[in-house]
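Take a look at the letters that make up each chain.
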Amino acid sequence: MQKLLIAIAAVLLLPHQAFAVPITVDGITLETGSVFATGNVFENRVSAVNDVLSGYGEITEIFGPSGRTWAMGQNGYHLTYVFTGFVVASISNTHIDFTGGEIRFYVQNESSPGYTALTPTTPAGGNAATEVAQDFLEAGDGTLWLSTIGNTFLDNLSGSPVTLHGEGVGFNPGATNVGGAGTGLLDITGGSAAAYFQKDTIADSHGSAADLQFGSSFSNLSPLFNQDLSGSADLRGIAIAQIPEPSTLALLGIGLLSLGLGGRLNRTPRAHSTSFA
């Protein structure tokens, strides 16, 4: 019995990541441990300091330690996102830095009343602005699954505090072809899935660890959409199961060990003393 209690206590005191457990939040399935999500992205073009980057997209696949855990449309669910507020702090033909910014993820089921699919379209002349506005509404519809804000880190080239850094070609005004990649850090602020992501897991150079890392690649080459730039996006983090706090686990483990020790002491024969008159 004592060995069993000790084994149970040891298991309870293992780190969260020791268990690869599926987690489904509003129809979206993760797995405890490393999370890697991929999707598409559609965004506007910025070309000057103080321009604001915004856009939207849809997550197409999510992967965990054992492989793919969810795909777009699985069981009728879709995970879309919108971002805005990334302000250009500095820009050259090949580098661009942003501050601020937020990204919000929304989940919706195809069977839900009022469901609207995100359907980016090819350029339609004078209707482009209207259709972009409609895309924002479609991507921002549904239940708030995760809300995030930019986490500040120091750009490795300029040393300036930024939340998003991009490198590529054609960032200067008037360039015909634009293409590149961006990387940024995020802090989780809310949403139904917020409690299932481990916080402060990504160290940065500004002294405040981030919760998530995101990246993208973008271009204005074919295929074209109403937004100036389109491409792919990814998100990385660590998912955790909702189990008791570490302090609670520690107390429970100590309690089990105490029970085992107490049982052993109770079974130990007591020594008898003999006195002589």
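The preceding data block contains the structure.
Worth saying up front: this structure is predicted, and the values here are computed from it rather than measured. (Residues numbered from 1 in each chain as written. Predicted model: local features only at pLDDT ≥ 70, side-chain atom pairs only at ≥ 80, totals over all residues. Heavy atoms only, no water.)

Novice: Please clarify how the nonpolar core should be interpreted in this entry.
Specialist: General note: in soluble globular proteins, nonpolar side chains tend to be found buried as a group. Membership of the largest hydrophobic core comes to 39 residues, with the highest contact counts inside it found for Ile-62, Leu-79, Phe-105, Trp-145, Leu-146 and Phe-197. Ignoring anything within four residues of it in the chain, the contact list for Leu-146 reads Ile-103, Arg-104, Phe-105, Ile-188, Gly-190, Gly-191, Ala-193, Ala-194, Phe-197 and Leu-212. One finds Tyr-56, Val-82, Leu-118 and Val-132 within the second-largest nonpolar core, a separate group that totals seven residues. (Core = buried A, V, L, I, M, F, W, Y, C linked by side-chain atoms within 4.5 Å. Buried < 20%, exposed > 50% of the residue type's maximum accessible area, 1.4 Å probe, protein only. Contact = heavy atoms within 4.5 Å.)

Novice: Sorry, what's going on with the side chain of Asn-151 here?
Specialist: With respect to the helices, strands and loops of the structure, Asn-151 is situated in the loop between β8 (143-150) and β9 (153-154). Asn-151 sits in the buried class, given a relative accessible area of 2%. Polar contacts involving the side chain of Asn-151 include one to the main-chain carbonyl oxygen of Ser-208, which spans 3.2 Å. Those residues within four positions of Asn-151 in sequence are excluded, and the remaining contacts are Val-162, Thr-163, Leu-185, Leu-186, Asp-187, Asp-204, Ser-208, Ala-209 and Ala-210. (Helix = DSSP H or I, 4+ residues; strand = E, 2+ residues; numbered from the N terminus. Polar contact = N/O pair within 3.5 Å; in protein donor to acceptor, adjacent residues only side chain to side chain.)

Novice: Would you mind going over the packing of aromatic side chains with me for this structure?
Specialist: Any aromatic ring pair is given by two values, namely how distant the centres are and how the planes are angled relative to each other. Summed over the entire model, instances satisfying the criterion amount to 10 aromatic pairs. Plain terms: the ring middles of Tyr-56 and Phe-136 are 4.9 Å apart, the flat faces sit at 80° to each other, and that makes the pair edge-to-face. Of this pair, Tyr-56 sits in strand β4 (residues 52-64) while Phe-136 sits in helix α2 (residues 128-139), placing them 80 residues apart in sequence. Tyr-56 sits in the buried class, given a relative accessible area of 1%. A centroid spacing of 5.6 Å and a plane angle of 40° characterise the contact between Tyr-81 and Phe-105, whose relative ring orientation is tilted. One end of the pair, Tyr-81, is in strand β6 (residues 77-91); the other, Phe-105, is in strand β7 (residues 95-109), with 24 residues separating them in the sequence. According to the relative accessible area criterion, Tyr-81 is buried, its value standing at 5%. Under the relative-accessibility criterion, Phe-105 is labelled buried at 5%. Grouped by ring-pair contacts, the aromatic residues Tyr-81, Phe-83, Phe-86, Phe-105 and Phe-214 constitute a single cluster. (Phe/Tyr/Trp six-rings, centres within 6.5 Å; stacked < 30°, edge-to-face > 60°.)

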